[in-house]
Amino acid sequence: MKQERYIQQEFAEYTHLSELGLLPGSRFFLTGVKVTKQKGFGLFNVAGYWRRKYQGKVENEGWYLLTNLETHNTAISAFKSRMGIEAMFKDCKTGGYNEREESC
């Protein structure tokens, strides 16, 4: 999710994700969060994660993940796997492997 997204924790006012204080090297996990002001949507968990350094560089921003998974570690692990799979699909489509469409 983008850091400008409003969320509402139980018994609190709506706030931007960016106001939760996610900094390099920090993380958080919120349960039972509303992620929209519109009616008809359930509650979700939100995992915040900002790696301190990646390949010697500090990332520009952290991750805000909307999830139904039960723990921070499970949510982050699943997202990391997803990123690897998406990179593989991109390579299959545009990385020189597309000489024959059915190659991937």
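None of these values were measured; they are calculated from a predicted model.

Q: What exactly am I supposed to notice about the overall build of the chain here?
A: Within the chain one finds 1 helix and 5 strands. Ordered by position from the N terminus, the helices and strands of the chain form the series β-β-β-β-β-α. Residues counted as buried form 23% of the 104 residues belonging to the chain. For the chain, contacts bridging at least 24 residues in sequence account for 39% of all contacts bridging at least 6. Summed over all atoms, the accessible surface of the chain reaches about 8,000 Å², with 50% contributed by carbon and sulfur.

Q: How should I be thinking about unusual backbone geometry in this particular structure?
A: Note: most peptide bonds trans; most residues except glycine with negative phi. Even without glycine at this site, Phe-11 takes up a positive phi of about 60°. Examined against the element boundaries, Phe-11 turns out to sit in the loop between strand S1 (6–7) and strand S2 (15–16).

Q: Even after reading the chapter, I still don't get the side chain of His-72, so can you show me in this structure?
A: Structurally, the position occupied by His-72 is in helix H1 (residues 72–94). By relative accessible area, His-72 is classed as buried at 9%. When near neighbours in sequence (up to four residues on either side) are disregarded, His-72 contacts Arg-27, Phe-28, Phe-29, Ala-47, Gly-48 and Tyr-49.

Q: Teacher, can you tell me more about the packing of aromatic side chains here?
A: Throughout the structure, instances matching the rule amount to 3 aromatic pairs. Both rings, one in Tyr-49 and one in Trp-63, keep their centres 5.4 Å apart while their planes meet at 50°; by these two values the pair is tilted. Of this pair, Tyr-49 sits in strand S4 (residues 44–49) while Trp-63 sits in strand S5 (residues 63–67), placing them 14 residues apart in sequence. Here the aromatic residues Tyr-49, Trp-63 and Phe-79 are joined through ring pairs into a cluster of three or more.

Q: Honestly, the sheet that holds strand S3 (residues 27–33) in this entry has me stumped. Any pointers?
A: Backbone hydrogen bonds are what pair the strands of a sheet, in a parallel or an antiparallel way. The 3 strands lie next to each other as S3-S4-S5, forming an open sheet whose pairing is antiparallel. Every other strand in the sheet has two partners, leaving S3 and S5 as the edge strands with one partner each. Each strand axis lies, on average, 15° off the axis of its neighbour in the sheet, ignoring direction. Here S4 runs beside S5; their pairing, made up of 5 bridges, is antiparallel. Within S5, the residue paired with Ala-47 across the bridge is Leu-65.

Rules of the game
- Residues numbered from 1 in each chain as written.
- Predicted model: local features only at pLDDT ≥ 70, side-chain atom pairs only at ≥ 80, totals over all residues.
- Heavy atoms only, no water.
- Helix = DSSP H or I, 4+ residues; strand = E, 2+ residues; numbered from the N terminus.
- Buried < 20%, exposed > 50% of the residue type's maximum accessible area, 1.4 Å probe, protein only.
- Contact = heavy atoms within 4.5 Å.
- Areas by Shrake-Rupley, 256 points an atom, 1.4 Å probe, with all protein chains shown as cover.
- Phe/Tyr/Trp six-rings, centres within 6.5 Å; stacked < 30°, edge-to-face > 60°.
- Pairing = 2+ DSSP bridges.
- Axes fitted to C-alpha atoms, helices over the stretch in contact; angles between N-to-C directions.

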